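What the coordinates show
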Amino acid sequence: LWNLYGPTETTIWSSVARIDDPQRITIGRPVANTSLYVCDASGELQPPGVPGELCIGGAGVALGYLHRPELTAERFVPDPFSQESGARLYRSGDRARWRSDGELELLGRLDRQVKLRGFRIELGEIEAALLEQPGVAAAAVERKDAPDGDARLVAWVVGTRDEVTLRTGLAERLPGYMLPAAWVWLDALPLTPNGKLDRAALPA
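Note that the structure is a prediction, hence the values are computed from the model and not measured.

Further remarks concern the sheet that holds strand β2 (residues 15-18). Taken in spatial order, the three strands line up as β1-β2-β3 in an open sheet, and their pairing is antiparallel. Strands at the two margins of the open sheet, each flanked by one partner only, are β1 (2-5) and β3 (29-30). Strand direction decides the pairing type here: β1 and β2, joined by four bridges, are antiparallel. What sits directly across from Leu4, in β2, is Val16.

The subject of this paragraph is the side chain of Asp79. Mapped onto the elements, Asp79 comes out in the loop between β6 (76-78) and β7 (88-98). In this view, Asp79 contacts Tyr37, Gly57, Ala87, Arg88 and Leu89; residues no more than four positions away in its chain are not counted.

Here we take up the environment of Lys115. In this fold, Lys115 is placed in strand β9 (residues 113-116). If we ignore the near neighbours within four places in the chain, the residues touching Lys115 are Arg120 and Arg143.

What counts, and where the lines are drawn
- Residues numbered from 1 in each chain as written.
- Predicted model: local features only at pLDDT ≥ 70, side-chain atom pairs only at ≥ 80, totals over all residues.
- Heavy atoms only, no water.
- Pairing = 2+ DSSP bridges.
- Helix = DSSP H or I, 4+ residues; strand = E, 2+ residues; numbered from the N terminus.
- Contact = heavy atoms within 4.5 Å.

Laid out in C-alpha cells, this is it:
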C-alpha cells in the first residue's frame, strides 16, 4: 500500500510512504521538487517529535485562491527556507511531527483544537484513542455547550455501547480532562454526499 498525502493547493501529492505495517501509518517523505517543514506558530522549525503546522514548499505550490486575496495572503506565505527568489510556502493547517526515522506523522487538523477549562485539547487525538478500543467501529468527538452553559466533550460512538469499558480504556491513554463527559450511541455516523463525516448533522 502506498500512502500519498497532499492538499489541492500543492498540486495534490506532496509526500509518499510505503506502508508495510498497519500499526505504523505515516505520510512518509516529500516527493521530488517538494519540501516539507513542521513549524510553530511563529514559523520556526520544530525539532523531531514536536508537533506543529505542516508547511509545504516547492514546485507544486499553487499561485493562490481565485478572487480570495485575503485567504491567499494567509495561507501562501514567503518561504524563508528557500534560496529561490519569490518562493512560497503553503500553510496546510494540518498538524504533524517528524518521527525519529525521518518520516512524517499526520496528527490531525489544527482547526480542531479546542479549549476546555483552560486546557487545549486535540479532538482528533481522542477520536484516535476511541478507535483503538475493542468494538468501536467509528467515533467522533466535539466540544458542546450544555443548556446550563457548561462546556463538555461529547463522543458519538458506533459499535460497543459499554461506556464504563470505553472510559477505562481511554483513561489508560489520555488525561482526565480529555475524557468525554457525554456519550451518544449511533448505528452509523452521518456522512456528507462525498462520504466525509458530517459534523453538523451529529445528533444532540
